[in-house]
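# Notes for the structure review
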Amino acid sequence: MKVVAIVGSIRKESLNLKLAQHVQKRYADKFELEILSLRGLPMYDQDIELDAPQEVIDFKEQVKAADAVLWITPEYNSTIPGVLGNAIDWMSRVDRVVNGKPSMIMGASMGAMGSVKAQMHLRDILFASGLNSPLLPMNEVYVGAAHTKFDDEGNLTDQATVEFLDTVIENFQKWMKAFA
């Protein structure tokens, strides 16, 4: 199975990017994970949506080629980051490349609640935006105090979090296969 990770942070040392990289490395024998960058994605503009820039075309093709989507979001001002909202705007228009793809949400933050508000908003957005991407239920991943759970090389070192992710990723695999 091929999964794309859409990380809602463009920061080089993003905790959410580190979480995506952990998933990519640890579960490489279970599925192929491609981490997509939102850095070069231009702002959504309805005036050009039918003749989108190449960056948008490439991004949407990567999502379209995947079997599932892993959304990994930080929390900015109690909601999702603008770059993630922008990506959703592009994906929800014209060819709607996420339509019917199973997905899962996780997130990390320095705060105790691990992006819970952003994830609640993201669930609402994904449901209401017409993306029609069924979300894995009851497997929420909120990595709180994430800055204490990664070492200097970006490795996830908190054993309880690693073990929890093992269980959730197994559930995600079953979820993906149900849509295959």
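Now for a look at the structure at hand.

Calculation criteria
Along each chain, residue indices are assigned from 1 in the same order as the chain's sequence is written. Given that this is a predicted model, residues contribute local features only at a pLDDT of at least 70 and side-chain atom pairs are listed and counted only at 80 or more, while totals for whole chains, interfaces and linings are drawn from all residues. For the side-chain quantities, the full set of heavy atoms in the structure was used; hydrogens and water were omitted. In DSSP terms, a helix is any run of H or I states spanning at least four residues, a strand is any run of E spanning at least two, and both are numbered starting from the N terminus. Our radius of gyration is a C-alpha quantity, and the globule rule it is checked against amounts to 2.2 Å times the number of residues to the power 0.38. Any two strands with at least two DSSP bridges between them are considered paired. Where helices are involved, their axes are fitted lines through C-alpha atoms of the stretch in contact, as for all axes, and angles between N-to-C directions lie from 0 to 180°. Any two residues whose heavy atoms approach within 4.5 Å are treated as being in contact. We define a polar contact as two N or O atoms separated by no more than 3.5 Å, with the added condition that, inside protein, one atom must be a possible hydrogen donor and the other a possible acceptor, whereas residues neighbouring each other in sequence contribute only through side-chain atom pairs. The set of buried Ala, Val, Leu, Ile, Met, Phe, Trp, Tyr and Cys residues whose side-chain atoms join them within 4.5 Å is what this entry labels a nonpolar core. Accessibility here uses a 1.4 Å probe with only protein chains present; expressed as a share of the type maximum, an area under 20% marks a residue as buried, one over 50% as exposed, and anything in between as partly exposed. An angle below 35 degrees is read as roughly parallel, one above 145 as roughly antiparallel, one from 65 to 115 as roughly perpendicular, and any other as oblique. Following the grouping adopted for this structure description, the nonpolar residues are Ala, Val, Leu, Ile, Met, Phe, Trp, Tyr, Cys and Pro, the charged ones are Asp, Glu, Lys and Arg, and the polar ones are all others, Gly among them. Crossover handedness is defined here as right-handed if the route from the first strand over the helix to the second strand goes clockwise, with the strands pointing away from the viewer. Geometry of aromatic contacts follows a simple scheme: Phe, Tyr and Trp rings, the Trp one being its six-membered ring, pair when their centres are within 6.5 Å, and the pair is stacked under 30 degrees between planes, edge-to-face over 60, tilted otherwise.

Next up on the list: the overall build of the protein chain. Each helix and strand counted, the protein chain has five helices and five strands in total. For the protein chain, the α and β elements follow one another from N to C terminus as β-α-β-α-β-α-β-α-β-α. The globule rule puts the C-alpha radius of gyration for 180 residues at 16 Å, and the 15 Å found for the protein chain is close to it. Principal axes of the C-alpha set define a box for the protein chain whose edges measure 45 × 35 × 25 Å.

The sheet built from five strands is open, its strands ordered β2-β1-β3-β4-β5 with parallel pairing. Each having just a single partner strand, β2 (32-36) and β5 (141-143) make up the two edges of the open sheet. Strand-to-strand, the axes of this sheet are offset by a mean angle of 20 degrees, without reference to chain direction. Of the strand pairs in this sheet, strand β1 (residues 2-7) and β2 are connected by five bridges, and their pairing is parallel. Residue Val 4 lies in a different strand from β2, and its bridge partner there is Glu 34. On the sheet, helix α2 (residues 54-65) packs against β1, β2 and β3 (68-72) and is oriented at approximately 135 degrees with respect to β1. Lying over the sheet, helix α4 (residues 116-128) contacts β3, β4 (103-108) and β5, oriented at roughly 155 degrees with respect to β4.

Here Lys 18 lies in helix α1 (residues 15-26). Of note is the side chain of Lys 18, whose polar atom sits 3.5 Å from the side chain of Glu 13. Leaving out residues up to four positions away in the same chain, Lys 18 has contacts with Glu 13, Phe 150 and Gly 154.

The biggest cluster of nonpolar side chains holds 28 residues, and the ones touching the most others in it are Val 3, Leu 19, Val 23, Phe 31, Leu 70, Met 104 and Met 106. When residues of this core are assigned to their parent elements, the largest contribution, six residues, is made by helix α5 (residues 159-179). Setting aside anything within four residues of it in sequence, one finds Met 106 in contact with Leu 19, Val 23, Leu 70, Trp 71, Ile 72, Thr 73, Gln 119, Val 141, Leu 165 and Ile 169. Counting 26 residues, the second largest nonpolar core, distinct from the first, contains Leu 36, Ala 66, Val 69 and Met 91.

Before going further, it helps to examine the packing of α2 against helix α3 (residues 82-91). The packing of two helices is summarised by the inter-axis angle and the distance between the axes. Put simply, α2 and α3 touch, their axes get as near as 10 Å, and they point 80 degrees apart. Of the possible angle classes, the one that applies to α2 and α3 is roughly perpendicular. Between α2, through Val 56, Phe 59, Lys 60 and Val 63, and α3, the contact on the second element is made entirely by Ala 87, Trp 90 and Met 91. Looking at the contact of α2 with α3, its residues break down into six nonpolar, no polar and one charged.

In this section: the pairing of β3. Here β3 lies mainly inside the structure; five of its five residues are buried. Residues Ala 68, Leu 70 and Ile 72 of β3 are buried on one face, and the alternating residues Val 69 and Trp 71, pointing to the opposite face, are buried as well. Across four bridges, the pairing between β3 and β4 is parallel. Each bridged residue has a counterpart across the sheet, and for Leu 70 the counterpart in β4 is Met 104. Read from β3 through α3 to β4, the crossover connection turns out right-handed.

Scanning all chains against the criterion turns up three aromatic pairs. The interplanar angle of 90 degrees and the centroid separation of 6.4 Å between the aromatic rings of Phe 31 and Phe 172 together place this pair among those described as edge-to-face. With a gap of 141 residues between them, Phe 31 in the loop between α1 and β2 and Phe 172 in helix α5 connect regions that are remote in the sequence. Each member of the pair Phe 31 and Phe 172 is classed as buried. A ring pair is formed by Trp 175 and Phe 179, whose centres lie 5.0 Å apart and whose planes are at 65 degrees; its orientation type is edge-to-face. Note that Trp 175 and Phe 179 are positioned in helix α5 at a spacing of four residues, about one turn of the helix.

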